[in-house]
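Results of the structural survey
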Amino acid sequence: MMGVRPNRKRLELMLMLLIGLAWGLLLSELMKRTRWQNSADRLKEESSPFPSSQRSRNLPTPPTTAPSTTNPPPDIQAARLFNETRVLCMVLTSPKTHHTRAVHIKRTWGRRCNKLIFMSTKADKELGSVALNVREGYSNLWPKTRAALQYVYKHHFQKYDWFLKADDDTYVIMENLRAFLHAHNFREPVYFGNKFRQHVKEGYMSGGAGYVMSKMALHRLVKLGFSNSSICTNRNYGYEDVELGRCLAGVGVVGGDSRDENGLSRFIPFSPLHWYPQPPDWYQPLLYYTSPDNSSDCCSNTAISFHYNIAQEFYVLEYIIYKLRIFGINRELGPLPKKKTSSGTTSNHFRTTNDETGHNALIKMVPGKNVTKPNYRTKTTSKFKK
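To keep things clear, this report deals only with the structure shown in the data block.

Cut-offs used in this document
Note on numbering: residues in each chain are counted from 1, in written sequence order. Since the coordinates come from a predicted model, pLDDT governs what is reported: local features require at least 70, and pairs of side-chain atoms require 80 or more to be given and counted, while whole-chain, interface and lining totals use all residues. Only hydrogens and water are removed before side-chain values are computed, so all heavy atoms of the structure are retained for them. Put simply, DSSP marks the helices as runs of H or I at least four residues long and the strands as runs of E at least two long, and each gets a number from the N terminus on. Strands are treated as partners if at least two bridges between them are detected by DSSP. Detection works on a 1 Å grid of protein atoms alone, calling trapped sets that fit a 1.4 Å probe cavities and calling open sets with protein on both sides within 12 Å along at least five of seven lines pockets, with lining residues defined by an atom within 4 Å of a point. Grid points are joined across faces, edges and corners, and a volume is the space filled by probe spheres set on the points. Cysteine sulfurs are considered disulfide-paired once they come within 2.5 Å of each other. Residue burial is assigned from relative accessible area. The probe radius is 1.4 Å, only protein chains are included, and a residue is buried under 20% of its type maximum, exposed over 50%, and partly exposed in between. Axis definition: a line fitted to C-alpha atoms, limited for helices to the stretch in contact. Angles are taken between N-to-C directions and run from 0 to 180 degrees. Note on terminology: angles under 35 degrees are roughly parallel, angles over 145 are roughly antiparallel, angles of 65 to 115 are roughly perpendicular, and the others are oblique. For any pair of crossing helices, the crossing counts as left-handed if the nearer helix is rotated counterclockwise from the farther one by less than a right angle, and right-handed if it is rotated clockwise. Contact definition: two residues touch when any of their heavy atoms are within 4.5 Å. Here the term charged refers only to Asp, Glu, Lys and Arg, the term nonpolar to Ala, Val, Leu, Ile, Met, Phe, Trp, Tyr, Cys and Pro, and the term polar to all other amino acids, Gly among them. Viewed with both strands pointing away, a crossover whose connecting path from the first strand over the helix to the second turns clockwise is right-handed. Patch rule: a residue counts if its relative accessible area is over 30% and it has no salt bridge; like charges are joined within 9 Å, and nonpolar side chains (Val, Leu, Ile, Met, Phe, Trp, Tyr) within 5 Å. Accessible areas in this description were obtained via Shrake-Rupley with a 1.4 Å probe; residue shielding takes into account the shown protein chains only. Salt bridges are defined by distance alone: a side-chain nitrogen of Lys or Arg within 4 Å of a carboxyl oxygen of Asp or Glu. Each pair of aromatic rings taken from Phe, Tyr and Trp, with Trp reduced to its six-membered ring, is defined by centres within 6.5 Å and is described as stacked if the planes are under 30 degrees apart, edge-to-face if over 60, and tilted in the remaining cases. Criterion for a charge above a ring: Lys NZ or Arg CZ within 6 Å of the ring centre, and within 35 degrees of the ring normal.

**As for unusual backbone geometry**
One non-glycine residue, Y308, lies in positive phi territory at about 60 degrees. Positionally, Y308 belongs in the loop between strand 12 (305-306) and helix 10 (311-322).

Here you go:
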């Protein structure tokens, strides 16, 4: 009996070791399976396009930075034009519309200007407006516009090639503006907009739709027009766009044709959100050019500006133009328009002089210097016909 007990104890110890080893192997296997399942769940959740309704407590905290987007890269051509075609945007506003109109331009299309300036009668640090020493009111738009253009010429003429004037309820598609201007030479005395027929024989550009002047046009306007009351009236009243049209015609600046290849307007003095496709009744009688009969559209597919927009519509247009995407439709507009020669914009009776467009001539232009004065007795005739 004494010999059996030691053997029994050894068997019991061996059995306990075997049982412990089995339990150890079992627990190890269970732990491996758990880790694998957690890894699989994490990988599944991270690779899924849909958020999980239940998240494991063991998952790491999501990063606070925004994830990288899958949007296409920025338009290289538009970025190149931004640097090549330098446009200063001058927006006329008033103290009572700083925060109901003008601020929405600053938050939307104004960000795409090379320089954005708000012209008002009160300085506003948040908006960045310039206070002009003129009276407010619709009847005072001409002296206000004149003072604004003089300010721009004095402080910003050297740095920019084109100078856009817009109202604080106008929306502008800057990429289309630069693409259109690419074909034109800022050394030519020319300006563009939606041309109206009344009041001015040569026509004038609608103020509401906005208009853009070349560097040479602004130079002639300020140095030759504003300094001569027989060309540009110095009275403190009048329609801004009409008076400007008279001034520019008087100094040999041509009102160019900004219509597209189908004869449709690019500068639109009304909002498509209200009037598409039929324009308001007052519009057609004012047009300098006859509207085409082969189109039911009111506006060009490469439109540049729209007028009479309320605050909400700035963001609606911003969304439709820059954010809305249509699957499977290619909207490539093709190559940029070819450069036009000087004969494409300058009147036969009023050529730009060599003194004005010679080598580095415009670079040397500074407020206070004169250019060769044109013969005002020679009438300016436009090459553009109805």
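**Some points on the sheet that holds strand 5 (residues 171-172)**
With mixed pairing, three strands are arranged side by side in an open sheet as 5-12-11. Every other strand in the sheet has two partners, leaving strand 5 and strand 11 (267-268) as the edge strands with one partner each. Here strand 5 pairs with strand 12 via two bridges, running antiparallel. By the bridge assignment for strand 12, V172 is matched with S305.

**Comments concerning the layout of surface pockets**
Size it by volume and the second largest pocket reaches roughly 800 Å³. For the second largest pocket, the lining is made up of 33 residues, of which Y138, L141, D167, E240 and H307 are closest to its centre. Counting residues per element, the ones that place at least two in the lining of the second largest pocket are helix 4 (141-156), strand 4 (162-167) and helix 7 (240-250). Per-element tally for the lining of the second largest pocket: the top contributor is helix 7, with three residues.

**A look at the state of the cysteines**
Taken as a whole, this structure holds two disulfides when the rule is applied. Disulfide pairing places C232 opposite C247 at an S-S distance of 2.2 Å. In this pair, C232 sits in the loop between helix 6 (215-225) and helix 7 while C247 sits in helix 7, placing the two residues 15 residues apart along the sequence. Exposure remark for C232: the relative accessible area of 2% places this residue in the buried category. Judged by its relative accessible area of 1%, C247 is buried.

**Quick look at the packing of helix 4 against helix 6**
A packed helix pair is summarised by two numbers, namely the angle formed by the two axes and the spacing between the axes. At a closest axis distance of 10 Å, the pairing of helix 4 and helix 6 adopts a crossing angle of 110 degrees. If you check the angle between helix 4 and helix 6, you find them roughly perpendicular. Relative to helix 6, helix 4 is oriented so that their crossing is left-handed. Here helix 4 contributes L149, V152 and Y153 to the contact with helix 6, which in turn contributes L218, H219, L221, V222 and K223. A class-by-class count of the residues in the contact of helix 4 with helix 6 yields six nonpolar, one polar and one charged.

**With respect to the packing of helix 4 against helix 7**
Running from N to C, helix 4 and helix 7 cross one another at 55 degrees; their axes reach a closest spacing of 8 Å. On the basis of the axis angle, helix 4 is oblique to helix 7. Taken as a pair, helix 4 and helix 7 cross one another with a handedness that is right-handed. Packed against helix 4, whose contacting residues are L141, W142, T145 and L149, the element helix 7 presents E240, E243, L244 and C247 at the interface. Considering only residue class, the contact of helix 4 with helix 7 consists of five nonpolar, one polar and two charged.

**A look at empty space enclosed by the protein**
For the structure shown, the criterion picks out two cavities of 30 Å³ or more. Empty space within the second largest cavity amounts to approximately 30 Å³. Taken together, L88, M90, L149, V152, F163, L164, K165 and M213 form the lining of the second largest cavity. Contributing elements (two or more residues each) for the lining of the second largest cavity: strand 1 (87-92), helix 4 and strand 4. The element contributing the most residues to the lining of the second largest cavity is strand 4, with three residues. Counted by class, the lining of the second largest cavity contains seven nonpolar, no polar and one charged residues.

**Describing the pairing of strand 2 (residues 115-120)**
In this sheet, strand 2 lies alongside strand 1 in parallel orientation, the contact comprising five bridges. Residue C89 lies in a different strand from strand 2, and its bridge partner there is L116. In the classification by handedness, the crossover that spans strand 1, the intervening helix 3 (residues 98-107) and the parallel strand 2 is right-handed.

**A few points about a nonpolar patch on the surface**
Together, L273, V316, Y319, I320, I321, L324, I326 and I329 make up an exposed nonpolar region whose accessible area comes to about 630 Å². With four residues, helix 10 is the largest single contributor of residues to the nonpolar patch. Here I326 falls in the partly exposed class, since its relative accessible area comes to 39%.

**Regarding the packing of aromatic side chains**
Inspection of the entire model under this criterion finds nine aromatic pairs. An angle of 85 degrees between the planes, with centres 4.9 Å apart, marks the rings of F180 and F192 as edge-to-face. Within this pair, whereas F180 is found in helix 5 (residues 174-181), its partner F192 is found in strand 6 (residues 190-192), the two being separated by 12 residues in sequence. In this pair, the class of F180 matches that of F192, namely buried. On the numbers, 5.9 Å between centres and 90 degrees between planes, the contact of F196 with Y204 is edge-to-face. The two residues F196 and Y204 agree in class, both being buried. Among the aromatic residues, those joined into a cluster by ring pairs are Y153, F157 and F163. In this structure, R112 packs its charged tip against the face of Y322, placed 3.6 Å from the ring centre. Note that K215 overlies the ring of F157, its terminal NZ or CZ placed 4.6 Å from the centroid.

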